[in-house]
Amino acid sequence: VAVSDRPPRVRPGFRRLAIGAFIVLTPIALHTAWDHYEARRLAQLVTDIRSRNEPVVSPLAGIGPRSQSSQNAARYYEAAAALVEPGAALYGPTGLLHRMETAPVADRSRLLEELRAWLERNREAETLLTRATELPFEGYLPGTDYSFRFDRLYRLVNVANFRAFERLEAGDAEAAADAVVRQLRIGRPLTAGGPTNLSILNFSGVLSRSLPAMGGLIESGPSDVALQRVQTAIRELDNDAAIEQSTIAERAFWLGRHWDDRRHWYARQRDGSGLEWYLVRPYMTRRLIATGQIMSELIANARRPWPERLEVDVPPQPSTNRVTSAFPFLSRVQVEYTLRHSYRSRASAVANSLVLGRTADAAIAVARYQRAAGGALPRSLGDLVPAYLTAVPIDPFTGREVRYSRSADRYVVYSFGPDKKDDGGVQVTDPAWASGMRRSRNPPPDLGVSVRIQPKRR
Amino acid sequence: MFDRELNELLRRYRPAAPPPDLRDRITVPIAVRRTWPWAVAAAALLLAACALQVATDRIYRTVERAATPPPVTTADQSPELREALGDDELLLIAIERLARVEREQREASEVSMPATGESWQ
């Protein structure tokens, strides 16, 4: 029998080592291949986004254009915001802001005195704010930051808002209208980097403070020029594409956060090329891609006509624990819930802001028509185009023109509101909102502006 | 019993030749036990893993460069502002106030970015 009598070519130990290496390297190679596959998908996602000229870096970080021009409003906004008295006098549970929103009407006069004292202490800031209002906003000063944009600017909103309220109480319609313009124009720096989740929520707050009082402002009888200025300031802020733009910004925020958020261990691991980072990276990337895909669906949704763009399916809130609620360990369902819920809130805030602005614009147009026509009201909003309105505004909640109704003692320009039902414009503001200072806790049945036909001239 | 008869009897029970698969049973395992295919496979896996890792890192670096936000300035704006704002009296007051606020902020704590959705209202 022919049997090979040659000795083995290598030692058995080396053979065992080779087999062991093969066994160990196989899962590593498979994991690396998975990592590579997900990286290529992520790169494709980023390429697709950039090919559409959409951002992959959140505008929250790069706060829009910058300019050092001496005629740039930013320098005055910056300085005015720095001069506003910070701290407990305004904010906090005993602060003026909180008490104005919650105190009973009986305390109105006492609060008004406090308000006047506060405004007096902030007169310098108000002077600079007035200068800023008159100048074009060309961009932020170099070095100005995130906290300036959303914290200090909001103090300025309070200055203008308090002044508008105080002047209305004093019967000075012209100055009240000017204060409303100052307040509205702070929207320019607030939204300079494009609409984002945060700027929309903050700016929605600005509008919800200034515009519900528009009926009172119109009734107080400011001049036609003053009303025109308010109209111009409102139209400057009307952005029909705000939901789409903010959703694009939100997607960029999530993409940027993946790389930049140092609050999470994986972001710190990334710098040290740690083993954990290597192990979880493909999973995280997969989750990030899913996030990008969901956001792209939502962006497509935001491009639909009104009111379809407001409609989004939000899955029931999934239960979470400390581990699973930490990005990137969110399950697909949790990611879906978070992003879709955020979209719905944002869309709702945009729609509310647009409604407040558009109904206020139309109500002012009616007032100006009435004044020019010797007291006669227009039969429809179409009569106001083009002299007082560029077009009849569209109600985001219905996709149709905003409603206009008149009775013996008042006229109302209104939207059906979030419930999309025509309640006749009988109640367009929360009763607790009568002063224009309080924020509504419960939305009224319809949204808009109600104006008494025989305003009492002061 | 004669030798011839004995041989005849043995021939009935003794195989005339080794079974056909005997050679395979003896020689093939020696071929299978060769080390080099394992070593080559392990080396190929190692090379593939390294190459993929390098390529993957390159992709991630490219994506990261595209998607990383620029650093956010959070404090000490006063020198630039002083230059940018000019010599308006009110603006100078504002600069002083701003510088003081920023100094206090730096001393108190590091300014941190709020999470999405937080509001300062």
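Criteria and thresholds
- Residues numbered from 1 in each chain as written.
- Chains lettered and ligands numbered in written order.
- Predicted model: local features only at pLDDT ≥ 70, side-chain atom pairs only at ≥ 80, totals over all residues.
- Heavy atoms only, no water.
- Helix = DSSP H or I, 4+ residues; strand = E, 2+ residues; numbered from the N terminus.
- Buried < 20%, exposed > 50% of the residue type's maximum accessible area, 1.4 Å probe, protein only.
- Contact = heavy atoms within 4.5 Å.
- Areas by Shrake-Rupley, 256 points an atom, 1.4 Å probe, with all protein chains shown as cover.
- Pairing = 2+ DSSP bridges.
- Axes fitted to C-alpha atoms, helices over the stretch in contact; angles between N-to-C directions.
- Parallel < 35°, antiparallel > 145°, perpendicular 65-115°, else oblique.
- Left-handed = near helix turned anticlockwise from the far one by under 90°.
- Nonpolar A, V, L, I, M, F, W, Y, C, P; charged D, E, K, R; others polar.
- pLDDT = per-residue confidence, 0-100.
- Salt bridge = Lys/Arg side-chain N within 4 Å of Asp/Glu carboxyl O.
- Expected span 1.5 Å × (residues − 1).
- Phe/Tyr/Trp six-rings, centres within 6.5 Å; stacked < 30°, edge-to-face > 60°.
- Arc of directions from axis to C-beta.
- Core = buried A, V, L, I, M, F, W, Y, C linked by side-chain atoms within 4.5 Å.

K.L.:
Talk me through the overall build of chain A; I want residue IDs and the actual numbers.
P.N.:
Helix and strand content of chain A: 15 helices and 3 strands. The buried share among the 458 residues of chain A stands at 55%. Pairs at least 24 residues apart make up 75% of the contacts formed inside chain A by residues separated by at least 6 positions. About 19400 Å² of surface is accessible on chain A, with carbon and sulfur atoms providing 54% of the total.

K.L.:
I'd like to hear about the overall build of chain B, residue by residue, with values.
P.N.:
Helix and strand counts for chain B come out as 5 helices and 0 strands. For chain B, the N- to C-terminal ordering of α and β elements is α-α-α-α-α. When the 121 residues of chain B are sorted by exposure, 22% land in the buried category. For chain B, the computed accessible surface area is about 8600 Å², with 58% contributed by carbon and sulfur atoms.

K.L.:
Describe the sheet that holds strand E1 (residues 403–406) of chain A, naming the residues involved and giving the relevant values.
P.N.:
All names here are of chain A. Spatial strand order, E1-E2-E3: 3 strands in an open sheet with antiparallel pairing. Both outer strands of the open sheet, E1 and strand E3 (447–452), are each paired with one neighbouring strand and no more. Averaged over neighbouring strand pairs, the angle between their axes works out to 15° when direction is ignored. Pairing of E1 with strand E2 (residues 410–415) involves 4 bridges; the strand directions are antiparallel. Bridging across to E2, Arg406 finds its partner in Tyr411.

K.L.:
Account for the pairing of E2 of chain A, naming residues and giving values.
P.N.:
Residues and elements named next belong to chain A. Among the 6 residues that make up E2, 5 are buried, leaving the element largely enclosed by the rest of the structure. Of the strand pairs in this sheet, E2 and E3 are connected by 6 bridges, and their pairing is antiparallel. Looking at the pairing, Arg410 lines up with Arg452 of E3.

K.L.:
Help me get a handle on the packing of helix H1 (residues 12–51) of chain A against helix H3 (residues 36–67) of chain B, residues and values and all.
P.N.:
Helix packing for two helices is described by the angle between their axes and how far apart those axes are. Between H1 of chain A and H3 of chain B, the shortest axis-to-axis distance is 7 Å and the interhelical angle comes to 25°. With respect to H3 of chain B, the element H1 of chain A is oriented roughly parallel. When the axes of H1 of chain A and H3 of chain B are compared, the crossing they make is left-handed. Its residues assigned to classes, the contact of H1 of chain A with H3 of chain B comprises 25 nonpolar, 5 polar and 4 charged.

K.L.:
Residue-level account of the confidence of the model for chain A, with values.
P.N.:
Summary statistics for chain A give a mean pLDDT of 80 and a share of 75% for residues scoring 70 or more. Low pLDDT, under 50, characterises residues 431–438 of chain A; the predicted model gives this stretch 22 contacts beyond four residues in sequence or across chains.

K.L.:
So what's going on with the pattern of salt bridges? Which residues, and what values?
P.N.:
All names here are of chain A. Taken as a whole and judged by the stated rule, the model has 33 salt bridges over all chains. Across the salt bridge formed by Glu38 and Arg286, the nearest N and O atoms sit 2.6 Å from each other. Note that Glu38 is positioned in helix H1 and Arg286 in helix H14 (residues 275–302), a separation of 248 residues in sequence. Where Arg379 meets Asp383, a salt bridge forms, and the shortest distance between an N and an O atom there is 3.6 Å. For Arg379, a relative accessible area of 68% puts it in the exposed group. Put simply, Glu113, Arg116, Glu126, Arg163, Glu166, Arg167, Asp172 and Arg182 are held in one network by salt bridges that share partners.

K.L.:
Got a sec to walk through the packing of H1 of chain A against H14 of chain A? Specific residues and values, please.
P.N.:
All names here are of chain A. Here H1 crosses H14 at 30°, and the two axes come no closer than 9 Å. In terms of axis orientation, H1 runs roughly parallel to H14. Relative to H14, H1 is oriented so that their crossing is left-handed. Touching Ile28, His31, Thr32, Trp34, Asp35, Glu38, Ala39, Arg41, Leu42 and Leu45 of H1 are Tyr278, Leu279, Arg281, Pro282, Tyr283, Thr285, Arg286, Leu288, Ile289, Gly292 and Gln293, all from H14. When the residues that make up the contact of H1 with H14 are grouped by side-chain class, the tally is 11 nonpolar, 5 polar and 5 charged.

K.L.:
Quick one: what's the story with helix H7 (residues 173–185) of chain A, residue by residue and with numbers?
P.N.:
Residues and elements named next belong to chain A. Given a rise of 1.5 Å per residue, 13 residues ought to cover 18 Å, and the 18 Å separating the end C-alpha atoms of H7 matches this to within 8%. Where burial is concerned, most of H7 is hidden: 10 out of the 13 residues are buried. Within H7 the residues assigned to the buried category are Ala173, Ala176, Ala177, Ala179, Val180, Val181, Arg182, Gln183, Leu184 and Arg185.

K.L.:
Got a sec to walk through the packing of aromatic side chains? Specific residues and values, please.
P.N.:
All names here are of chain A. Enumeration over the complete set of coordinates arrives at 5 aromatic pairs over all chains. On the numbers, 5.3 Å between centres and 75° between planes, the contact of Trp118 with Phe162 is edge-to-face. Placement of the pair is Trp118 in helix H4 (residues 108–121) and Phe162 in helix H6 (residues 146–170), with a sequence separation of 44 residues. Across the pair, Phe162 and Trp118 agree in class, each one buried.

K.L.:
I'd like to hear about helix H5 (residues 123–134) of chain A, residue by residue, with values.
P.N.:
Residue and element names in this part refer to chain A. Look at H5: 17 Å from first C-alpha to last across 12 residues, which is about the 16 Å you get at 1.5 Å a residue. Looking at H5, one finds that the buried residues are Ala125, Glu126, Leu128, Leu129, Ala132 and Thr133. The buried residues of H5 occupy one face: seen down the axis, they fall within an arc of 165°.

K.L.:
So what about unusual backbone geometry? Which residues, and what values?
P.N.:
Residue and element names in this part refer to chain A. With an omega dihedral of -5°, the bond running from Trp306 to Pro307 counts as a cis peptide bond. When you line up the elements, Pro307 lands in the loop between H14 and helix H15 (332–372). Positive phi, normally seen in glycine, also occurs at Asn53, with a value near 60°. Inspection of the secondary structure puts Asn53 in the loop between H1 and helix H2 (73–83).

K.L.:
Go over the confidence of the model for chain B, please, and point to the residues and values.
P.N.:
All names here are of chain B. Per-residue confidence for chain B averages 70 on the pLDDT scale, and 51% of its residues sit at or above 70. Mean pLDDT values over the elements of chain B span from 55, in helix H4 (residues 78–85), up to 90, in H3. Scored below 50 in pLDDT, residues 109–121 shows 26 contacts in the model against residues more than four places distant or in partner chains. Scoring of the predicted complex yields 0.77 for pTM and 0.70 for ipTM.

K.L.:
An account of the nonpolar core is needed here, citing residue identities and associated values.
P.N.:
Residue and element names in this part refer to chain A. Judged by nonpolar contacts, the single largest core of 36 residues is most densely connected at Met214, Ile218, Val230, Val366, Leu381, Tyr411 and Val413. For this core, the elements supplying multiple residues, two or more each, are H7, helix H10 (214–219), helix H11 (224–236), H15, E2 and E3. Looking at this core, the element that brings in the most residues is H15, giving 7 residues. In this structure, Ala79, Leu96, Leu115 and Ala125 belong to the second largest nonpolar core, which totals 33 residues.

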